[in-house]
Structure formats: structure tokens, C-alpha cells
Amino acid sequence: MARVTLDTVNKIYPSRHGPVHAVQDLDITIEDGEFVAVLGPSGCGKTSTLRMIVGLETITGGTIRFDDRPVNELTPEQRNVAMAFETYALYPNFTIAENLGFPLEVRGVDRKAREAEVLRVARLLRIEDILGHKPAHLSGGQQQRVSLGRALIRDPAVFILDEVMSHLDAHLKLQMLFELKRIHQSMGKTMVYVTHDQMEALALADRVAVMSNARLQQFGTRDELYHAPANRFVADFIGEPPTNFFDAEVTETAGEIALAVPGTDLAFTTSPARVAALRNRGGKRAIVGIRPQNLFITPLDDAGSVTATVALNEYLGEQSILTFDDKGVSFRALAPPDADAKTGATVAVRYRPADVMVFDTDTEALVA
Amino acid sequence: MARLELQEICKGFDEPVLDRLSLTVEEGEFFVVVGPSGIGKTTLLRCVAGLEVLDAGRVLIGGTDVTRIPPYRRRVAMTFESYALYPHLTVFENIASPLRARKADRAALERRVGEVARLLRIDQLLDRKPHEISGGQKQRTALGRTLVAEPDIFLLDEPISHLDAKIRHELRRQFHTLEELRRVATIYVTHDYAEALSLGDRIGIMGRGGLEQVGTAREVFQRPTSLFVARHMGQPSINELACELAAEGDAVRAVAGGGSVAFAVAPAHRAALNGGTGRLTVGIRPQHIAVLPEGAAADGRQIVEARVEIFEALGATGVLIAETGGVSLTALTSPDARFEPGQPIRLGLATDSFLYFGADGGRNLHG
Amino acid sequence: MTAANVKLVKTLVLAFLAIWLVFTGFPLFFMIVTSLKPVEEINRMVPTFWPETMRPQNYAGIFADPGSLKSLVDSLIVSSANTVLSLFLGTLAGYALARWVRGVVGENLAFFILSNRMFPPVAILIPMFFLFDATPWGTDSYVSLIVLYLVFNMPLATWLMMVFFRDAPRELEEAAYLDGYSPFRAFFKVTLPLVFPGMISVAMLCWIFAWNEYLFANLLTGTTVKTFPVHIPTFTLGSQTLWNLVMAFSLVAMLPPVILFIVLRRYMVRGLSLGVVKG
């Protein structure tokens, strides 16, 4: 077990068109036994980060420490890191038990000890009934577990998972996510999970590191990312349906600050703290962000409201997504599935001022 | 423009994939086929397009039997899951391809491609090659290639499942509003139930061999004809509880993990269940389980005392797994709620929304 | 790997490359040096590694024999015609094998075709002579060599083109059918452009084989048609081989394939590392 520290880690790849800065000044501390997700769109540097932690990639600048020991110069073997891949990479001619036991066999662990260990891991992953099968006969979810098991059996200091859920059907995915969470809780190992899917990251991790353009954008818990995103990128990347953004003008009438969207009738108020921050900042413009689930068409206490026309009502079973259009500016809201909002109807859309996020127009950082 | 009819079509490779599947898609209808991966959804599209030779059955477009007509004379357009853009041609030439095939004159071709590109907002990219554009732009180009042809039938294979959430929502809206798509018969294939519910005028849930159920979004979600259908609609998945029907028919008892719990059967459901054998599966959707604050009224719901096992705040929702009498129940909550493992809670179950499935084959007993 | 290991591996790789360079570079160096020596210098017991007297006139000297230029032209005609034919037949056959004759039959048929390249050419030398002797155009003609080289080049072209066609995604052709192209037109619109780099590579391999072939050319032809490999041994003075002229002529004969390779290199590399057509 280990605490993993990344201290101003940089990765620069040489290329024909000059050096490419894949990871820039990354500072992250992953506590011992913590489950951390590294989340970002493709090309954000998350895979380079992971490869540096594992030791598959040299570190251009900075230090990676396991506990207090720098590991920059160590091989993956010496770091004792285990990794599970996106593709399951099971040996098709081996049974599940042989697949699981393989890492131990390579180390020359004797047969008896190996079998006991295989059984222990199989129990943990709930695959003890399929140990005699060949991989071809397993479902995607089962193969995924075996692949996890093969990494687990080595008893690594740090456990790294690379996009391991992306091949699973949606209804299996959530199940597997909770399963993985349970496994983590019963093992207490330090785990790093790399993904581009924000739902997976939020569901699994104690803390999420959001990356974009080679830089860490924010490192925090689900609530921090959700309610106080550091910038527009984080607010946009976390949450589905995506956050609504409006380019707004800061107006002040009779001492009340409002954020009006030019060319429309939309105007939002925000929490007293943010109003104060806006006053401090000065400036005429700002970006307003509000999440679709924080917009309501049902009555609400102490709420602001805007009026808008329903352009689309999508029934999704547990809920509906309403898309509103106001003179070319469109935004979405989540509503109960039986919401009375026909296409073309004009309704009052309510919100709590505290849920209205405000970002700087130029830096896109949260104004707070 | 025309309606599409499939009459008892059969297609198998090593084992049957489509087994006497019949379906009619009306002109102007947007039909969505949803199902788990590898079940044969793409095969269905390929049979309609003529890329697969049927083992048996007929395909009719506008009343004409096209079973033996090759794909290039069917007036069917299809997008592929891999986009299948021609890598050596520009976006313009990719979109223009169907017009070139029928040797349209130059002016008409340029005007039409321009129109479609503007509609899909890729008119800035016409000179680029496919490897120079993003996934969403590739998908738009592929869509443009099908739109430009003005076909009788549209076939769309997982067109947005590989895209980011943001572009997915944007394209979904476009599918709702594109006149060109909405006025012909369209079959849209996806594995994402939310996409299916959102887009489909009607939805077909595909299982082994064919369509398990065909109906509107509300029909398939609220009244699934089988457990299979119920299981593939909804996130998190429906709670499936193997139960024993009580002799009086007013309650079912689930036994699991050394404990058991009884669920009331709503009066409206009792008649349907009386014919059933003793064993059945109760389906409870997570959104029909509410966490009740201390002292809240039952309000027609069955109250169950439970203990929190796991709580996770996802994006717009929270998922709670609670245990009662050895039975695990998954409930949908607000993401801002806070529950600690082991914490005792009261669950309110909306019994009149329960679904009951036969133990053999999982048919809906009152559907 | 630790930093020290990385350094060691790098040094070893460089050392290996240096040795390899000497091995491959030396013969070429010696050819060039020899081609610039006067006759007196070429047969010394202790060879010189740099000409004592420079004699670039050797290069003019080889073309004093009108047969030299004609042999290059003959080679050009034979290898180019053979390449065009091999490529045409190989592309059609390769496409058929890749798309329509799959399964056990296709695999075996394709392998049978390739196996035609595997027998020792000497085994059919004499039969081939008699076979072409019986044709109206006889052995000593362009046609005989062009057709004969098909025996070697067509199996290779067929096999390689088959592999390239298999790698070209079938979905692109299907997309073209749905766009309204018949299979014939779809082939030219989509499939052929995709395998074009591969075709260039195949063409180069065929062309170089036909350009350099000696055994059959020597036996079948020699009077009306005489390719350059057959012409090389004729640079003699009495019983003495004029190595300086042989080397000069060989170097000249090397130029066309080298130039061709440089011009088409871009396509060759892409063709030989196929799979690039995806995405």
C-alpha cells in the first residue's frame, strides 16, 4: 500500500512539429487507500499521467513518490504497480483459474499457494463458479472481473485501471461500478481509475482529478466539482445533460445586481456571496452557468424565475428533458416524466439563486 | 417516399439472429430499435439495406418487393457505426458521393451539398479530409451523405453513441427537428434506452431472434411485456425480486440471504396474479422507491424499514442501495441527499407501479 | 528500465548499426572505387582502396558499345510491361480472393497461388526453354520474357493485393453501394484508391525482380533481345574481365530502380505498413 505523490510532474514528447507538452506541472497527492479518478476528454494528458505512474513512460520533469520514495528511476516491476486494461487481454487457451494464477506462476509461487490465492480473489470478485471455464464462454462483465482479478492477485502497492468499463453495456456498467467500489472498500488499496466518462468517475472515486489541455483543472470530491466547479470547463464536463451556459451582461437596477442575456428576456439573479464577488470584480460581462436539474417547472420556494417556450420535450422514462428556446438561445431542464409541458407551451422556469454559477468571461474561472 | 414492410424475415450466421421478424414502419415514422450489443440490431439494418441476403422472408419498400434488389438500386440510405467515410475524399466529396453516383449535374450537386452542409453546420469543413475532423463532425458528414440522397428509407446505426455527452444532446435535438429525416420511414438503432425513448415515435426492443415488444416510449417503459424489456429500460436497472405469491393473493414474499420481506400487491393487480403459479418475479423501478423523512405520511405507499448499504451521488441523480430483510433494493434519490452505510431509513414503495413477471419466460402477468 | 540500462541499450543499438553499415556499405563503396580505376589497377594482388589514377572516362567507355544502351532499353521494356501485366492480373485476382472466395477454399487457393513462387526456378529452366521454343514468337523475344516473369510476379502481386484488399474496410464499399454505386463502380470509387499505395509497392517489387533477373534471360534470350544482366559479362578484353567497366555499368543499371524508389518512397512506406486507411 502506498500514498502516491505527483510533484510538478511534466511530460514532453518530442515530435516532428516540435515538442508536445502532454502533462504540465501536475500536482496530485493520492492518499493511501484512496480511490481517485483521473477524468478528462481524449488528449487531455490523463493517459500519459497514468503511464508515468505505472512506469511505462519516462518523466520529463518533476518527481513521483510512492510514500516518501521517489520512483522515477524504477521499473513497473520494482514499483509494484498493477494495471487492468480497457481490453481484457485474457489468454484464450487458459481456463479462468489459470488466467488468474498466471502472474503468480510467473513469479514461481508454488501450486498450493497459487490455488489458495486464486480462490481468494475469485471469491472477492464473485467468479468462483466459473473458474473452470475458458474466457470465450464468459460475458463481457465476467471477463472484466477476471481481468481485474489477474491484476489484484499480485497484491500490488498501487492499482491502476485504464478505461476498464468502456466496453460494458449501460445496465451492466452501473452494477460493475458498485461492484468495483465494494472491492475497493474490502481491499483498502490505493486505486487510480482513468476514464473519460464523468458518470463513472463520480460513481467510483473518493476524489476526482479533472484534466484538460495537459493541466489539472480541479481535484476534489463530487460535491466540490458539482457545486463549486473551478472553471467553465469543469462545469461543462461534469454532469449530464450538460450545464447550460449564457453570455450575460451584468446590470444593476436599484442596487440589485442581475445577469441579463442580451437579445432575450432571460435574466438571472445569484446568491448574495456571488453578487458581492461580482461587485468586487467589476466588469460588464460574465458567463452564467446553471445545471438542467436545477431548473424547475414546478412551484418552488424562494426562487427566481424566467419565462421560456418549450422547444422539445424528451421523455426518458425516469425523467424528461425539456429544451427551451428564447429568441435563439436554448437551454435544457430536467423535469418529472409526467411534466405538463407540451412543445410550444410557454412556462415559468424556476431556479434557486444559489444554483446560479457565474464565470469570468475572459478567464472562465468561477467568480466566487 | 414510402413505407417499409418486413415480412417474416429470417437471417442467421452460425445460429439464427433474426427469426421470422415482421415489422412495418410507416412513411414519416421514426422507429427506434434498442437492445443489448451483439443481439442483431445491425444485421436487421443490413437486411433492409440489402447488404445481407435473407434466408427467408420479404422486404417491401412502398409496396414493392425489393428482396432480390441489390442495395444500390433500393433507394435506402444508411449510416454506419464506424461512420464509413471515404478516407481519401474530402468532406465535400463524401457528402456529394450519392449525387455523383447518379451523375447529377455540377450546379445542382454543389447547391445541394451546400444546403445539407449548412443544415448540419459543417459548411466550414468541406475541404477537410475525414482524419482531420472530430468524431461529431464525422458523424455529421456521414449523416450529410445520407441526407443528400433523399432516399425512401433512412437507416441509422448507433449514430451518436460514441460521442461526448454535449454533442450527443445536440445531435439528438437535431434528429428531432430534421424535416428530411422526419418525413420518411426511418429505423434508428441504439443500445441506449434513453436515446430510444427520446427519439422513437415507436420503439422496438430487440431480444434473441426478434423484437420482444413494439410500442411508444411510455408503453415500453411503463408496461413492458417481459422482464427482458423491463431490464433494458432504465438506469439504474429495475429491481428484480424472485418472490412467492401468498395464498390470499394480496402480498408476495421475497426470500434472500437468510431473510425475507413481504410486498403488498396493489388491489388493481390482484386479479391478474391469481391465475399465476406461486412463484413470480416482482419488478420495482428505482424511481418508485422513495426515501421518506421521519414522520412522513405513507400516502398510499408501503413503508419498509431498511438499512443503507451504498449511496452514490452521480450527476443529476443519486443511487441508493438499501437492504431490508436480506433483500437489496436500489432506489433513485436526489444527488444532494446524504446517507451513511448502516444508517436506518424508511422506504416508501409505490406498490401500484410494481410489475409482475411470470417465473418461466418472464412475461408480464398483467400487461 | 533504469537510466543506465537505457544508455547501454542505446550504445549497443548504435554499435550494431555501425557494423551493419560497414557490411552493406563496403561493397557499394568498392564498386564505385573500382568503376573509377584504370584497367592496370583492377587486378592487383593487393587491391587499392582509392584509385591511384582517376578514370571517370570508364562511364563514357561503356556506352561505346551500342549494345549497352540497347540492353538497358530492353530491360526497361521487359520489366515495365511485365509489371503492368502482373499488377493488372494480380489486382483482379487479389480482389476476387479477398472479397468473394473466402473460407477454406479461398485460403487454400490463395496459398496455392503463392506456392508457385516457392519452387527453385532452375527446376523449370529447361522445360521453359522448350515451351517457349514451341511458341510462334520463339524464345528470343520480348513476349517470352514478359510472359515468363509473370510466373514469378503474378503470385506475389496476387497475394499482396489480396492482403491489401482484406485490410481495406468492406464497410466503405457497402457505403458506396448504398450511395448508389454498382459493385463495379464502387471498386473504382472507393476500394482502388484505398489500396493504391499498396499497388505502388507491389509494382516496385515486380519491377525490380524483372529488372534484375539473369538466369532465364540468359538462357532464353541473347540476340534479338538482351537485357542488361546478360550484357554485363560481355565487358571483356580477351580472357580478362574488365571489372572497372562492369562496375561502372552495374552502377548505371542501379540508377533506375533507385530513382524510382526515391520518387515513390512516400507511397511505398504507406503501402507496406497498411492499415492506415482506417479512421
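Residues numbered from 1 in each chain as written. Chains lettered and ligands numbered in written order. Predicted model: local features only at pLDDT ≥ 70, side-chain atom pairs only at ≥ 80, totals over all residues.

1. Here's the deal with the overall build of chain B
What chain B contains, in helices and strands, is ten helices and 20 strands. Projected onto its principal axes, the C-alpha positions of chain B cover 75 × 45 × 35 Å. The buried share among the 367 residues of chain B stands at 46%. (Helix = DSSP H or I, 4+ residues; strand = E, 2+ residues; numbered from the N terminus. Buried ≥ 20, exposed ≤ 12 C-beta atoms within 10 Å, placed from the backbone.)

2. Brief notes about the sheet that holds strand 2 (residues 20–30) of chain A
Residues and elements named next belong to chain A. The sheet built from four strands is open, its strands ordered 2-1-4-5 with antiparallel pairing. The sheet terminates laterally at strand 2 and strand 5 (69–70), the two strands that pair on one side only. Strand direction decides the pairing type here: strand 1 (residues 4–13) and strand 2, joined by seven bridges, are antiparallel. Note on strand 2: the bridge partner recorded for Thr 5 is Thr 29. (Pairing = 2+ DSSP bridges.)

3. Observations regarding the interface of chain B and chain A
Facing 33 residues of chain B, the contacting portion of chain A comprises 25 residues. For the side of chain B that touches chain A, the elements supplying multiple residues, two or more each, are helix 5 (165–177), helix 7 (193–199), helix 8 (217–222) and strand 16 (302–313) of chain B. The element best represented in the side of chain B that touches chain A is helix 5 of chain B, accounting for five residues. Across the side of chain B that touches chain A, the residue classes tally to 15 nonpolar, eleven polar and seven charged. (Contact = placed C-beta atoms within 7 Å. Nonpolar A, V, L, I, M, F, W, Y, C, P; charged D, E, K, R; others polar.)

4. Some thoughts on unusual backbone geometry
If a residue is not glycine, its phi is most likely negative; likewise, a peptide bond is most likely trans. A cis geometry characterises the amide bond from Glu240(A) onward to Pro241(A), with omega recorded as -5 degrees. Mapped onto the secondary structure, Pro241(A) falls in the loop between helix 9 (232–237) and strand 11 (244–253). Cis peptide bonds are those with omega within 30 degrees of zero, and the linkage from Gln235(B) to Pro236(B) qualifies with -5 degrees. Checked against the element boundaries, Pro236(B) lands in the loop between helix 9 (227–231) and strand 11 (239–245). Within the chain, Lys327(A) stands out as a residue other than glycine whose phi angle is a positive 50 degrees. Secondary-structure assignment places Lys327(A) in the loop between strand 16 (320–326) and strand 17 (329–335). Positive phi outside glycine occurs at Arg75(B), with the angle close to 60 degrees.

5. Thoughts on the environment of Thr264(A)
All names here are of chain A. Positionally, Thr 264 belongs in the loop between strand 12 (256–260) and strand 13 (267–268). Taking the C-alpha atoms as reference points, Thr 264 and His 133, separated by 131 residues in sequence, lie 63 Å from one another. Setting aside its immediate chain neighbours within four residues, Thr 264 contacts Asp 326, Lys 327 and Val 329.

6. Concerning the sheet that holds strand 8 (residues 185–190) of chain B
Residues and elements named next belong to chain B. Spatially, the six strands line up as an open sheet ordered 6-7-8-3-9-10, and their pairing is mixed. The sheet terminates laterally at strand 6 (76–79) and strand 10 (210–215), the two strands that pair on one side only. This sheet shows a mean twist of 20 degrees between the axes of neighbouring strands, independent of strand direction. As paired strands, strand 3 (residues 30–34) and strand 9 (residues 202–207) are joined by four bridges and run parallel to one another. By the bridge assignment for strand 9, Val 33 is matched with Gly 204. (Axes fitted to C-alpha atoms, helices over the stretch in contact; angles between N-to-C directions.)

7. Structural notes on helix 7 (residues 142–167) of chain C
Over its 26 residues, helix 7 of chain C runs 36 Å from end to end, which matches the ideal 38 Å to within 8%, given 1.5 Å per residue. Remark: the principal bend of helix 7 of chain C, roughly 45 degrees, maps to Val151(C), with a proline, Pro155(C), within the next four residues. (Expected span 1.5 Å × (residues − 1). Bend = angle between axes of the 7 residues up to and from the residue.)

8. Considerations on the pairing of strand 14 (residues 279–284) of chain B
Every regular strand shows the same layout, with side chains that alternate between the two sheet faces. Residue and element names in this part refer to chain B. Of all six residues that make up strand 14, five are buried, and the element is covered over most of its length. Note: strand 14 against strand 20 (residues 355–358), four bridges, orientation antiparallel. Bridging from a neighbouring strand, Leu 280 pairs with Gly 358 of strand 20.

9. Side note on the interface of chain C and chain B
Taken residue by residue, the interface counts 15 residues in chain C and 20 residues in chain B. Within the residue set of the side of chain C that touches chain B, elements represented by two or more residues are helix 8 (170–179) and helix 9 (183–212) of chain C. Take the side of chain C that touches chain B: its biggest share by element is seven residues, from helix 8 of chain C.

10. Description of the nonpolar core
Ile160(A), Val192(A), Ala209(A), Ala286(A), Val288(A), Val48(B) and Leu155(B) are the most contacted members of the largest nonpolar core, which totals 265 residues. Per-element accounting of this core gives the leading share, 13 residues, to helix 9 of chain C. Look past the residues within four positions of Ala286(A) in its chain and what remains in contact with it is Ala248(A), Val250(A), Leu259(A), Leu278(A), Val358(A), Phe359(A), Asp360(A), Thr361(A) and Val367(A). Within the second largest apolar cluster, ten residues are counted, among which are Leu72(C), Val246(C), Phe249(C) and Ala253(C). (Core = buried A, V, L, I, M, F, W, Y, C linked by C-beta atoms within 7 Å.)

11. Description of the pairing of strand 11 of chain A
Residues and elements named next belong to chain A. Across six bridges, strand 11 lies against strand 14 (residues 285–290) in antiparallel orientation. Directly across from Glu 249, in strand 14, lies its bridge partner Arg 285. Here strand 11 pairs with strand 12 via five bridges, running antiparallel. Looking at strand 12, one finds that Val 250 is bridged to Leu 259. Taking the residues that link successive antiparallel strands as the turn, the strand 11-strand 12 hairpin has two residues, and the phi of Ala 254 there is positive, at about 50 degrees.

12. A few points about the domain arrangement of chain B
Residues and elements named next belong to chain B. Examined at the domain level, chain B breaks down into domain 1 (4–232) and domain 2 (239–358). Placing the centre of domain 1 and that of domain 2 at their C-alpha centroids yields a distance of 39 Å. Contacts between domain 1 and domain 2 engage four residues on the former and five residues on the latter. Taken together, the residues of the side of domain 1 that touches domain 2 break down into three nonpolar, one polar and no charged. (Domains from an automatic or database assignment.)

13. Side note on helix 4 (residues 135–147) of chain B
If you check helix 4 of chain B, its first and last C-alpha atoms are 18 Å apart, about what 13 residues at 1.5 Å a residue would give, namely 18 Å. Listed in full, the buried residues belonging to helix 4 of chain B are Lys138(B), Gln139(B), Arg140(B), Thr141(B), Ala142(B), Leu143(B), Gly144(B), Arg145(B), Thr146(B) and Leu147(B).

14. Section: the packing of helix 8 of chain C against helix 9 of chain C
All names here are of chain C. Close contact between helix 8 and helix 9 brings their axes to 9 Å; oriented N to C, the two are set at 135 degrees. By the criterion of interaxial angle, the relationship of helix 8 to helix 9 is oblique. The chirality of how helix 8 crosses helix 9 is right-handed. Only Ala 186, Lys 189, Val 190 and Thr 191 of helix 9 make contact with helix 8, whose side of the interface consists of Leu 172, Glu 173, Ala 176 and Tyr 177. (Parallel < 35°, antiparallel > 145°, perpendicular 65-115°, else oblique. Left-handed = near helix turned anticlockwise from the far one by under 90°.)

15. Regarding the domain arrangement of chain C
All names here are of chain C. Splitting chain C by domain gives domain 1 (3–35) and domain 2 (65–272). The distance between the C-alpha centroids of domain 1 and domain 2 comes to 32 Å. Listed by partner, the interface residues are four residues for domain 1 and six residues for domain 2. Classifying every residue of the side of domain 1 that touches domain 2 gives two nonpolar, two polar and no charged.

16. Here we look at the packing of helix 3 (residues 96–106) of chain A against helix 4 (residues 111–125) of chain A
Residues and elements named next belong to chain A. Between helix 3 and helix 4, the least distance of the axes is 9 Å, while the angle of their chain directions is 125 degrees. Taken together, helix 3 and helix 4 sit at an angle that is classed as oblique. Our pair here, helix 3 against helix 4, has a crossing hand that is right-handed. Along its contact with helix 3, which presents Ala 97, Leu 100, Gly 101, Leu 104 and Glu 105, the element helix 4 presents Arg 114, Glu 117, Val 118, Val 121 and Ala 122. Residue composition of the contact of helix 3 with helix 4, grouped by class: six nonpolar, one polar and three charged.

17. Examining the confidence of the model for chain C
Residue and element names in this part refer to chain C. Residue-level pLDDT values for chain C average 88, and 95% of them are 70 or greater. Within the model, pLDDT remains below 50 along residues 274–279, and this stretch shows eleven contacts once partners closer than five positions in the same chain are excluded. Both scores are available for the predicted complex, with the pTM at 0.86 and the ipTM at 0.89. (pLDDT = per-residue confidence, 0-100.)

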